[in-house]
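Per-entry structural report
Chain residues, written in single-letter form:
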Amino acid sequence: MKQCRKCGVRIEDGRGNCPLCGAFLSDAQNSQDVHAYPTVKRKTASKLAFRILLFVSLFAVVVCAGVNLAVDQQLSWSWHVLFAIALAWLTVGRGIFKRFSARKQISWDAAAVVILCVYLQIVTKSGANNPWAFTLAAPIVVLVTATVHEIMFFANRGNRGNYEMALTRLCVLSALCIGISYLWLKSCGWGWYVCTARGLVDVLAMMMFVRKSYVGELKRRLHF
């Protein structure tokens, strides 16, 4: 069988070019007369789109701040526009230009939802007696995120290590939030208890059914 000199994949005899990268093949594996398709410079288009969106975002912020100052002589509602644009860049923007994996994008989106809930609580001043963004909204986000990671864990049979560690981190985070609740609020609602119990079930299931890969991934991440 032939072997592509550009990407290294083995190719059946009779093909003239690599089906993966498009490079032309030669009968002799060590031949220097192998020509590849010209590399498409996608980064140039990506940088141009990044600059255009950044300019539009900054222009929108400046215009809103100017109108707010001209009408109210202070920055009142324009802060909401700034927050919305910053949150959009945190979620959609990073996913487009950084090309995150699905796992990282899920984590960023979950963090953005929690930040949005905290912001709404602060703006509406509804958390004086009950900080619902921490006691209710954040546990629900953690539960949904854990469910998505479990689905991705079963869907990716070849690379489950990242999802195993993501589920473990969610379990540890939930347990830490129980301690934070007692230090801050002197009590803890049902939300973080449910999240911690859910995380412990996930960890126990991984220890029982995929113990070898899970323990190996833990040792690799913790440098044991």
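What counts, and where the lines are drawn
- Positions within a chain are numbered from 1, following the residues in the order the chain's sequence is written.
- Per-residue local features are limited, in this predicted model, to residues with pLDDT of at least 70; the limit for side-chain atom pairs, both in listing and counting, is 80 or more; totals at the level of whole chains, interfaces and linings are taken over all residues.
- Here the side-chain values reflect all heavy atoms present in the structure, with hydrogen atoms and water set aside.
- Here a strand is any run of E in DSSP of at least two residues, a helix any run of H or I of at least four, and the numbering for each starts at the N terminus.
- We call two residues contacting when some pair of their heavy atoms lies within 4.5 Å.
- Note on areas: Shrake-Rupley with a 1.4 Å probe; residue coverage comes only from the protein chains shown.
- Axes here refer to lines fitted to C-alpha atoms; in helices the fit is confined to the stretch in contact. Angles between the N-to-C directions go from 0 to 180 degrees.
- When an angle is under 35 degrees it counts as roughly parallel; over 145 it counts as roughly antiparallel; between 65 and 115 it counts as roughly perpendicular; any other value is oblique.
- Rotating anticlockwise by less than a right angle from the far helix to the near helix defines a left-handed crossing, while the corresponding clockwise rotation defines a right-handed one.
- The set of buried Ala, Val, Leu, Ile, Met, Phe, Trp, Tyr and Cys residues whose side-chain atoms join them within 4.5 Å is what this entry labels a nonpolar core.
- The cut-offs for exposure are 20% and 50% of the maximum accessible area for each residue type, with area from a 1.4 Å probe on protein chains only; residues under the lower value are buried, those over the upper are exposed, and the others partly exposed.
- To estimate the expected span of a helix, count its residues, drop one, and scale the result by 1.5 Å.
- For Phe, Tyr and Trp, rings pair up if their centres lie within 6.5 Å, where Trp contributes its six-membered ring, and each pair is then called stacked (planes under 30 degrees apart), edge-to-face (over 60) or tilted (otherwise).
- Whether a charge sits over a ring depends on NZ of Lys or CZ of Arg being within 6 Å of the ring centre and within 35 degrees of the ring normal.
- What makes a salt bridge here is a side-chain nitrogen of Lys or Arg within 4 Å of a carboxyl oxygen of Asp or Glu, nothing more.
- Residues are sorted three ways: Asp, Glu, Lys and Arg are charged, Ala, Val, Leu, Ile, Met, Phe, Trp, Tyr, Cys and Pro are nonpolar, and all the rest, Gly among them, are polar.

A word on the overall build of the protein chain
The number of helices and strands found in the protein chain is seven helices and two strands. Traced from its N-terminal end to its C-terminal end, the protein chain shows the element sequence β-β-α-α-α-α-α-α-α. Once local pairs closer than 6 in sequence are excluded, the contacts in the protein chain between residues at least 24 apart make up 48%. Summed over its atoms, the accessible surface of the protein chain is roughly 15,200 Å², and 66% of this surface lies on carbon and sulfur atoms.

Section: the packing of helix 4 (residues 132-155) against helix 5 (residues 161-184)
Pairs of packed helices are described in terms of their axes, by the angle between the two and the distance that separates them. Between helix 4 and helix 5, the least distance of the axes is 9 Å, while the angle of their chain directions is 165°. In terms of orientation, helix 4 lies roughly antiparallel with respect to helix 5. As helix 4 runs across helix 5, the sense of the crossing is left-handed. Residue-level contacts link Phe134, Val142, Thr145, Ala146, His149, Glu150, Met152 and Phe153 of helix 4 to Tyr163, Glu164, Ala166, Leu167, Leu170, Ser174, Cys177, Ile180, Ser181 and Trp184 of helix 5.

Observations concerning the nonpolar core
Residues Val142, Trp192, Cys195, Val203, Met206 and Tyr214 are the most contacted members of the largest nonpolar core, which totals 20 residues. Those elements that place two or more of their residues in this core are helix 4, helix 5 and helix 6 (190-209). It is helix 5 that contributes the most residues to this core, seven residues altogether. Residue contacts for Val203: discarding those within four places in its chain leaves Thr168, Cys171 and Tyr214. Phe83, Leu87, Leu90 and Ala112 belong to the second largest nonpolar core, which has five residues in total.

Some remarks on unusual backbone geometry
The backbone phi angle of Gln73 is positive, close to 60°, even though this residue is not glycine. Structurally, the position occupied by Gln73 is in the loop between helix 1 (42-72) and helix 2 (78-97). For Lys186, which is not glycine, the phi dihedral falls at a positive 65°. As for its position among the elements, Lys186 is in the loop between helix 5 and helix 6.

Considering helix 7 (residues 211-222)
An ideal rise of 1.5 Å per residue puts 16 Å on 12 residues; helix 7 measures up with 16 Å between its terminal C-alpha atoms. With its phi angle positive at about 60°, His223 sits one or two positions after the end of helix 7.

Looking at the packing of aromatic side chains
Per the stated rule, a full pass over the model turns up five aromatic pairs. Between Phe153 and Phe154 the ring centres are 5.3 Å apart and the planes differ by 80°, which places this aromatic pair in the edge-to-face class. On the basis of relative accessibility, which here comes to 8%, the residue Phe153 falls in the buried class. Put simply, the rings of Phe134, Trp184 and Trp192 pair up and form one aromatic cluster. The side chain of Arg160 reaches across the aromatic face of Phe153, ending 4.6 Å from its centre.

What about the pattern of salt bridges?
Considering all chains together, one arrives at four salt bridges under this definition. Its salt-bridge partner being Glu150, residue Arg198 comes within 3.1 Å of it at the nearest N-O pair. Of this pair, Arg198 sits in helix 6 while Glu150 sits in helix 4, and the two are 48 residues apart along the sequence. The class of Glu150 is buried, set by a relative accessible area of 18%. Of the charged contacts in the structure, one is a salt bridge between Arg220 and Glu217, with a shortest N-O distance of 2.6 Å.

Description of the packing of helix 3 (residues 102-124) against helix 4
Between helix 3 and helix 4, whose axes approach to 10 Å, the crossing angle comes to 165°. On the basis of their axis angle, the class for helix 3 and helix 4 is roughly antiparallel. Of the two possible hands of crossing, helix 3 and helix 4 adopt the one that is right-handed. In contact with Ala102, Arg103, Ile106, Ser107, Ala110, Val113, Val114, Cys117, Val118, Leu120 and Gln121 of helix 3, helix 4 contributes Trp132, Ala133, Ala137, Ala138, Val141, Thr145, Val148, His149 and Met152. Tallied by class, residues from the contact of helix 3 with helix 4 come to 15 nonpolar, four polar and one charged.

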